[in-house]
Amino acid sequence: MSKTKTFCELSDLQHYSQQLQEPAVAWQMRQQAWQATMTAPNPSFAKINYRPWANLQGQLTVASQAVPLPASTAQIAQVAGQPVQVRLSTEAQTAGVEVLDLVAAWQQWPDLMQQYFGQVMPWTSQQLAATHYATVNSGVVIRVPANTKLQAPLTWDFYQNGTGRQLNSQHVLLIAGADSEFSILENRRTLGSDQPSASIVEELVLLAGAKVRFAAIDQLSLPTYLARYARLATNARLDWALGIMNDGDVLADFNTDLNGQGSQSEVKAVAISTGRQNQGITTRITNYGQHTKANILQHGVILSDATLIFNGIGHIVKGARGSDSQQENRVLMLSRTARGDANPILLIDENDVRAGHAASVGRVNQEQMYYLMSRGLSKDLAERLVIRGFLGSVLSEIPAAEARQILTDTIERKLIDGQRHRDRAQ
Amino acid sequence: MTTLVINDLHVRIDDESGHKEILKGVNLTMKTGEIHAIMGPNGTGKSTLSETIMGNPRYQVTSGDILLDGQSLLDQPVDARARAGLFLAMQYPAEIMGVTNAEFMRAAINARRPDDDPISVRDFIKELDQNLALLDMNEAMAERYLNQGFSGGEKKRNEILQLLMIKPAFAILDEIDSGLDIDAMKVVAKGVNSMRGDNFGSLIITHYQRLLDYIEPDVVHVMMGGRIVKSGDAQLAKKLEAEGYTGLRDELGLDIKLTDEN
Ligand SMILES: Nc1ncnc2c1ncn2[C@@H]1O[C@H](COP(=O)(O)OP(=O)(O)OP(=O)(O)O)[C@@H](O)[C@H]1O
Ligand SMILES: [Mg+2]
């Protein structure tokens, strides 16, 4: 029996890579990433201590026994460390959408993997990224052909595996072909609670003119480094709608590069931290191309002793003329012991641009509470309604009705749980 | 029949400038089936009285009591008082984003019912439509966010709509007529009058006799300097309208400064 250890031994990595029969390039990447974990700087996220997430552990072995996949109606489903299960809709199949497990993708799509895997995220730049690329032990690669237009969303359900000894390092790579148009609905959850941490990286490549709406509902309970990185070519458009509804400590690292001229991206995120939970969310959009447009809108709520930090980073590089970078970060604290921050950062290296930001850290408006309660609503219900109003300005902007409804229900449930927890503690 | 008794109520407000006693011994007894009116000069404590009865935490009761059918309400929070039968149409209703008017009223009605027996959507809508019609309100108002962007007059009408939907035992209407045009005032009066009956009592705070032409009170109280200084029938309001507060003050020999005096 192999002993539990961190990924640290290079020989373990090599052994693992050989078991998977990875091509030489894949092994070289692991090796470089492993070296970078020694030399790369710590990640730097303003006001967020990254340390709770720096401790990725578990065994790197080829899964011998499958963890049963929870009943899922999603077209793509995977438990971290296990093979992917694919059941594409007829629409997606007919359109030529292709999906492979990450291991198979290295064998069957070597050129594509070399071209895109690890190309969106600068994986030797900081330790958490390097750790991920050294250890990645499961994943899925999705190709949507050029000019494909899908009516129904591609649905993905991913599960962290906290039930055994296996390390959790899962990767998603999506290539949206030129002028394709579709939406994605992603759900992330956790099975079990036996792992100290987990790592997730998603890379989204949008080729010229691709239009993608990406909605995700994260309900993770392991401490997780969760990175979502996207790169947009000319005139591509990516709209993120993110429900950060985790129960565990999550370090979210969301990054969109507007490389192509005229590309645009909007990030709409709502987050709730409850109990003693600690979440740090850094959302960055960088305008590289000319006439690119970035908009970040993040609203979060903090209950009990929890922490929630929003960093919004809008970066317009030199030469990105005619670009626009806007952001709004707001947090609402529901208790005296809640800790929160909303931190807008604008980095502007070009003159001919437009940029703006708004931020606030506040408490529930007592006038509103009093008014609602004066009609007989309990304090908890009144509070939920005020919060719903506060998050609603982001929620109502989420175009996909299905995602919006799921998110609304999730928020309601999470708030009820958080309030119950608090009311019991009082 | 339900009775609301205010007994030698003293109320203080604490702000940056320190404590200030605003109510200095208010006594008042109301029964369902009765309409009471309170008139009085600006800054005399009328809103303070209504907010204190309702349970606004900003107002400190230093002595005295508020009793509903003999039960003290003082240690009850505002939501419990509301469910016990009190309603306050506020002088300045709050605006709340993201919560529709209809949804709010349904939640308020359900807060008074057992958890497993919420009002049916159909009954709710039927009642809502009737009351919207009674108050000449556009159906779209029900689907708008609660008071969000409502005009002053629309907010007042909306307070009455809530009153009709919730059907409390006692409604305190704090300057429900302020900012209303004459037609709107008639509509609001129609709404309140439709509630009149053995199971409903109201305390109407107003500066103008005109509202009382439409909602005829059984009792009129005059409040000055944090106390009720005189009570009478509907004639008292007419007399005040004619003579003003200075006359009454001097007649009663009170040593109170009125705000519009220099
Ligand atoms: N929240 C508060 N903070 C400070 N002072 C207050 C507050 N509420 C009331 N007061 C003061 O208490 C006094 C009574 O105010 P109140 O609003 O009860 O008067 P009112 O009789 O309703 O007057 P009006 O006819 O102008 O509505 C005033 O001097 C007012 O400034
Ligand atoms: Mg007043």
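Note that this is a predicted model, so its numbers are computed, not measured.

A.B. asks: Give me the overall build of chain B: which residues, what numbers.
C.D. replies: Looking only at helices and strands, one finds nine helices and ten strands in chain B. Each principal axis of the C-alpha distribution contributes one length, and for chain B these read about 60 × 40 × 40 Å. Across the 262 residues of chain B, 52% fall into the buried class. Put simply, 69% of the contacts in chain B that link residues at least 6 apart link residues at least 24 apart. Of the accessible surface of chain B, which amounts to about 11900 Å², a share of 45% is contributed by carbon and sulfur atoms. Averaging the coordinates of the 28 positive side-chain charges in chain B and doing the same for the 41 negative ones gives two points 1 Å apart.

A.B. asks: I'd like a rundown of the overall build of chain A, residues and numbers included.
C.D. replies: Counting secondary structure elements, chain A contains nine helices and 19 strands. A compact globule built from 426 residues would reach a C-alpha radius of gyration of about 22 Å, and chain A, at 21 Å, matches this within 12%. Seen through its principal axes, chain A has C-alpha atoms that stretch 70 × 55 × 45 Å. Counting only residues that meet the buried cut, chain A has 59% of its 426 residues in that class. Residue pairs in contact within chain A that sit at least 24 positions apart in sequence constitute 82% of those at least 6 positions apart. As displayed, chain A offers around 16200 Å² of accessible surface, 47% of which is attributable to carbon and sulfur atoms. Charge separation in chain A, taken as the distance between the mean sites of 37 positive and 37 negative side-chain charges, equals 4 Å.

A.B. asks: Can you lay out the site of ligand 1 for me, pointing to particular residues and giving the numbers?
C.D. replies: Residues and elements named next belong to chain B. What surrounds ligand 1 is a group of 17 residues, the closest being Gly43, Lys46, Ser47, Thr48 and His207. In this structure, an oxygen atom belonging to ligand 1 sits 2.8 Å away from a main-chain N or O atom of serine 47. A distance of 3.1 Å separates a nitrogen atom of ligand 1 from a polar side-chain atom of tyrosine 59. Taken by itself ligand 1 offers 640 Å² of open surface, and the protein chains cover 72% of this. If you list the elements that add at least two residues to the shell around ligand 1, you get β1 (3–15), β2 (18–31) and α1 (46–54). With three residues, α1 is the largest single contributor of residues to the shell around ligand 1.

A.B. asks: With reference to specific residues and values, describe unusual backbone geometry.
C.D. replies: The backbone of aspartate 69 of chain B shows a phi angle near 45 degrees, a positive value even though the residue is not glycine. Relative to the elements of secondary structure, aspartate 69 of chain B occurs in the loop between β4 (59–68) and β5 (71–72).

A.B. asks: So what about the packing of aromatic side chains? Which residues, and what values?
C.D. replies: Residue and element names in this part refer to chain A. In this structure the tally under the stated criterion is seven aromatic pairs over all chains. Seen from their ring centres, tryptophan 156 and phenylalanine 214 are 6.0 Å apart, and the 75 degrees between their planes marks the pair as edge-to-face. Here tryptophan 156 is found in strand β5 (residues 154–162), whereas its partner phenylalanine 214 is found in strand β9 (residues 211–219), with 58 residues between them in sequence. The burial state of tryptophan 156 is the same as that of phenylalanine 214; both residues are buried.

A.B. asks: Any chance you could break down the coordination of the magnesium ion (ligand 2) for me, citing the residues and the numbers?
C.D. replies: Within the first shell, the magnesium ion (ligand 2) binds the protein through Ser47 of chain B (OG) and Gln91 of chain B (OE1), at distances of 2.0 to 2.5 Å. With serine 47 of chain B in helix α1 and glutamine 91 of chain B in the loop between β6 (86–89) and α3 (101–110), this residue pair connects regions lying 44 residues apart in the sequence.

A.B. asks: Could you give an account of the packing of helix α4 (residues 121–134) of chain B against helix α6 (residues 152–166) of chain B, with specific residues and numbers?
C.D. replies: All names here are of chain B. Packing of α4 against α6 brings their axes to within 10 Å, and their N-to-C directions diverge by 140 degrees. Classified by the angle between their axes, α4 and α6 sit oblique to one another. Of the two possible hands of crossing, α4 and α6 adopt the one that is right-handed. Together, Phe124, Glu127, Leu128, Asn131, Leu132 and Leu134 of α4 and Leu161, Leu164 and Met165 of α6 make up the contact between the two elements. Residue composition of the contact of α4 with α6, by class: seven nonpolar, one polar and one charged.

A.B. asks: Describe the sheet that holds strand β11 (residues 237–244) of chain A, naming the residues involved and giving the relevant values.
C.D. replies: Residues and elements named next belong to chain A. Strand order across the open sheet formed by ten strands is β2-β1-β5-β7-β9-β11-β13-β15-β17-β19, with mixed pairing between neighbours. Edge positions in the sheet fall to β2 (84–86) and β19 (353–363), since each of these pairs with one other strand and no more. Strand-to-strand, the axes of this sheet are offset by a mean angle of 10 degrees, without reference to chain direction. In the sheet, strand β1 (residues 76–79) pairs with β5 via four bridges, with the strands oriented parallel. Bridging across to β5, alanine 77 finds its partner in aspartate 157. Contacting β13 (264–273), β15 (293–302) and β17 (323–333), helix α8 (residues 379–395) crosses the sheet at an angle of about 160 degrees to β15. Packed on one face of the sheet, helix α9 (residues 401–425) meets β7 (181–192), β9, β11, β13 and β15 and runs near 20 degrees to β9.

A.B. asks: Give me the lowdown on the pattern of salt bridges, citing residues and values where you can.
C.D. replies: According to the stated counting rule, one finds 27 salt bridges over all chains in the structure shown. The salt bridge partner of arginine 276 of chain A is aspartate 305 of chain A, with a shortest N-O separation of 3.4 Å. Pair noted here: arginine 276 of chain A is in the loop between β13 and β14 (278–287) and aspartate 305 of chain A is in the loop between β15 and β16 (307–316), with a separation of 29 residues, a long-range link. The class of arginine 276 of chain A is exposed, set by a relative accessible area of 70%. Across the pair lysine 155 of chain B and glutamate 95 of chain B runs a salt bridge, and its minimum N-O distance is 2.9 Å. Of this pair, lysine 155 of chain B sits in helix α6 while glutamate 95 of chain B sits in the loop between β6 and α3, and the two are 60 residues apart along the sequence.

A.B. asks: How would you sum up the side chain of asparagine 147 of chain B? Please name residues and give values.
C.D. replies: For asparagine 147 of chain B, the position within the fold is in the loop between α5 (140–143) and α6. Within the structure, asparagine 147 of chain B has its side chain in polar contact with the side chain of tyrosine 371 of chain A (distance 3.2 Å). Filtering out sequence-adjacent residues up to four positions away, asparagine 147 of chain B remains in contact with Tyr371 of chain A together with Pro93, Ala94, Glu95, Lys155, Asn158 and Glu159 of chain B.

A.B. asks: Tell me what's going on with the packing of α8 of chain A against α9 of chain A, and back it up with residues and numbers.
C.D. replies: Residue and element names in this part refer to chain A. Between α8 and α9, the least distance of the axes is 11 Å, while the angle of their chain directions is 145 degrees. Between α8 and α9 the crossing geometry is right-handed. For the pair α8 and α9, the contacting residues are Asp380, Glu383, Arg384, Ile387, Arg388, Leu391 and Leu395 in the first and Arg404, Leu407, Thr408, Ile411, Glu412, Leu415, Ile416, Gln419, Arg422 and Asp423 in the second. Its residues placed into classes, the contact of α8 with α9 shows seven nonpolar, two polar and eight charged.

A.B. asks: How would you sum up the confidence of the model for chain B? Please name residues and give values.
C.D. replies: Detail in the predicted coordinates should be disregarded across regions flagged by low pLDDT. Looking at chain B, pLDDT values average 93 and 98% of them are 70 or higher. Across the interface, the model reports ipTM at 0.94; the global pTM reads 0.84.

A.B. asks: Report on the pairing of β9 of chain A, specifying residues and quantitative values.
C.D. replies: Put simply, side chains in a regular strand alternate between the two faces of the sheet. Residue and element names in this part refer to chain A. Burial of β9 is extensive: seven of the nine residues sit out of reach of the surface. Where β7 lies against β9, nine bridges are found, and the strand directions are parallel. Bridging from a neighbouring strand, glutamate 181 pairs with lysine 211 of β9.

About the cut-offs
Residues numbered from 1 in each chain as written. Chains lettered and ligands numbered in written order. Predicted model: local features only at pLDDT ≥ 70, side-chain atom pairs only at ≥ 80, totals over all residues. Heavy atoms only, no water. Helix = DSSP H or I, 4+ residues; strand = E, 2+ residues; numbered from the N terminus. Buried < 20%, exposed > 50% of the residue type's maximum accessible area, 1.4 Å probe, protein only. Contact = heavy atoms within 4.5 Å. Areas by Shrake-Rupley, 256 points an atom, 1.4 Å probe, with all protein chains shown as cover. Lys, Arg positive; Asp, Glu negative; His and termini not counted. Charge placed at Lys NZ, Arg CZ, Asp CG, Glu CD. Rg over C-alpha atoms; globule rule 2.2 N^0.38 Å. Near = heavy atom within 4 Å. Polar contact = N/O pair within 3.5 Å; in protein donor to acceptor, adjacent residues only side chain to side chain. Phe/Tyr/Trp six-rings, centres within 6.5 Å; stacked < 30°, edge-to-face > 60°. Donors = N, O, S within 2.8 Å, 3.2 Å for Na, K, Ca; no water. Axes fitted to C-alpha atoms, helices over the stretch in contact; angles between N-to-C directions. Parallel < 35°, antiparallel > 145°, perpendicular 65-115°, else oblique. Left-handed = near helix turned anticlockwise from the far one by under 90°. Nonpolar A, V, L, I, M, F, W, Y, C, P; charged D, E, K, R; others polar. Pairing = 2+ DSSP bridges. Salt bridge = Lys/Arg side-chain N within 4 Å of Asp/Glu carboxyl O. pLDDT = per-residue confidence, 0-100.

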